[in-house]
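# Results of the structural survey
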Amino acid sequence: MSSTELPGVRAATAAVAPKVAAVRVADGEALRSVALPGLTLTVRSRPAARAGLPRALYVHGLGGSSLNWSALMAQLEDVVDGEALDLPGFGDSPPPDDGNYSVTGHARAVIRFLDAAGHGPVHLIGNSLGGAVSTRVAAVRPDLVRTLTLVSPALPEIRVQSSAVPTALLALPGVASLFTRITKDWSAEQRTKGVLALCYGDPARVTDEALRNAVEEMERRIQLPYFWDAMARSARGIVDAYTLGGQHGLWRQAERVLAPTLLVYGGRDQLVAYRMARKAAAAFRDSRLLTLPDAGHVAMMEYPETVALAFRELLDDCGGS
């Protein structure tokens, strides 16, 4: 038991939590649970095509899960041995014992997982919140990161896009509860289509099967008693990280990253401004930039083949390891 866990807390939570549907596992994937001090993480894996391939770890964004990486993991199974985390409170991972959803808290979870598994250095790949988390991991623990790939990373912006304001408002006390009441009559399909409209450059690219799977996952998530709490606290963690200055500021930490870095930005991203691509390319000392004019916030889901090709080129330049 961790020092922050109260006796009987997990048992009591399990007793009152409603039963929810099982998480979807795509063909060729497997899920496992990893217990660490103060948290338990669900890990999605896709066995490598052959033994001895380098390790890769995928870290999702706010409101996402390891499912967000299924398409890219399938594209890269012949060059990396890939695993994707459900961050604490997301996907199938329960909340952390200490309730810490800050960027640093999530980064600590990633570091604990890598240290416990002994997998470092890995090819670390993050999207949105996961991009900020991965940046912090690469800055403070360079020994754990071989290369860094960031898809629309949530790095501080002075002028936030108006389309991103509703998400940022989740950080304010009481807003999550208010939104829960306002949307209580929304169907899972309505919620899902709203998320897709926000995150995709062109929601029409989503296949009928992918939409059904997304609706199914949304139905599962909104039954979780901690869903909105995890969302609100993680959104607050992003806002707090944006206000940090000095050596703990995310842009300062980006400058400290030693790993070769691939940056991916979408021209139709409504959450992370496309204009930030050049600033990011200048901040990371060993960076390359892939811009996708028609992509939104989740290029790895919209254009997995293109993102995979750019990652392969990064890998080749690093000697394939």
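Read on for an overview of the structure. Computed from a predicted structure; not experimentally measured.

Looking now at the side chain of R44. Within the element layout of this structure, R44 appears in strand β2 (residues 39–46). A distance of 2.8 Å separates polar atoms of two side chains, one belonging to R44 and the other to E29.

Attention shifts here to the nonpolar core. By size, the foremost hydrophobic cluster in this structure holds 54 residues, and its most contacted members are V110, F113 and F284. With seven residues, the single largest contributor to this core is helix α3 (residues 103–117). Aside from chain neighbours lying at most four places away, what touches F284 is T135, L148, L150, L155, A254, V257, T261 and L263.

By the bridge criterion, seven bridges tie strand β1 (residues 30–36) to β2 in an arrangement that is antiparallel. Paired with R32 across the two strands is V43, which belongs to β2. Where β1 hands over to β2, the hairpin turn is made up of two residues, of which G38 adopts a positive phi near 85 degrees.

Remark: α3 packs on helix α4 (residues 129–140), axes separated minimally by 9 Å, with the N-to-C direction vectors making an angle of 65 degrees. When the axes of α3 and α4 are compared, the crossing they make is right-handed. Across the interface between the two elements, V103, T104, H106, A107, V110 and I111 from α3 touch L129, A132, V133, R136, V137 and V140 from α4. Across the contact of α3 with α4, the residue classes break down as nine nonpolar, two polar and one charged.

With that settled, consider the pattern of salt bridges. Counting across every chain of the model gives 15 salt bridges. Bridged by salt links that share partners, the residues D92, E217, R220 and R221 form one connected network.

Right, let's get into the environment of A241. Residue placement: A241 occurs in helix α9 (residues 227–243). The exposure class of A241 is buried, given its relative accessible area of 3%. Separated by 139 residues in the primary sequence, A241 and S102 have C-alpha atoms spaced 7.7 Å apart. Sequence-distant contacts of A241, that is, excluding residues within four places in its chain, are made with V103, P156 and L250.

Axes are the key here: two packed helices are described by the angle between their axes and the distance separating the axes. Viewed as axis vectors pointing N to C, helix α7 (residues 188–199) and helix α8 (residues 208–221) meet at an angle of 115 degrees, and their least axial separation amounts to 9 Å. As summarised for this structure, α7 and α8 are arranged roughly perpendicular, according to the angle between their axes. With respect to the hand of their crossing, α7 and α8 are arranged in right-handed fashion. Contacts from A188, E189, R191, T192, K193, V195 and L196 in α7 reach L211, A214, V215, M218 and E219 in α8. Counted by class, the contact of α7 with α8 contains seven nonpolar, one polar and four charged residues.

About the thresholds
Residues numbered from 1 in each chain as written. Predicted model: local features only at pLDDT ≥ 70, side-chain atom pairs only at ≥ 80, totals over all residues. Heavy atoms only, no water. Helix = DSSP H or I, 4+ residues; strand = E, 2+ residues; numbered from the N terminus. Polar contact = N/O pair within 3.5 Å; in protein donor to acceptor, adjacent residues only side chain to side chain. Core = buried A, V, L, I, M, F, W, Y, C linked by side-chain atoms within 4.5 Å. Buried < 20%, exposed > 50% of the residue type's maximum accessible area, 1.4 Å probe, protein only. Contact = heavy atoms within 4.5 Å. Pairing = 2+ DSSP bridges. Axes fitted to C-alpha atoms, helices over the stretch in contact; angles between N-to-C directions. Left-handed = near helix turned anticlockwise from the far one by under 90°. Nonpolar A, V, L, I, M, F, W, Y, C, P; charged D, E, K, R; others polar. Salt bridge = Lys/Arg side-chain N within 4 Å of Asp/Glu carboxyl O. Parallel < 35°, antiparallel > 145°, perpendicular 65-115°, else oblique.

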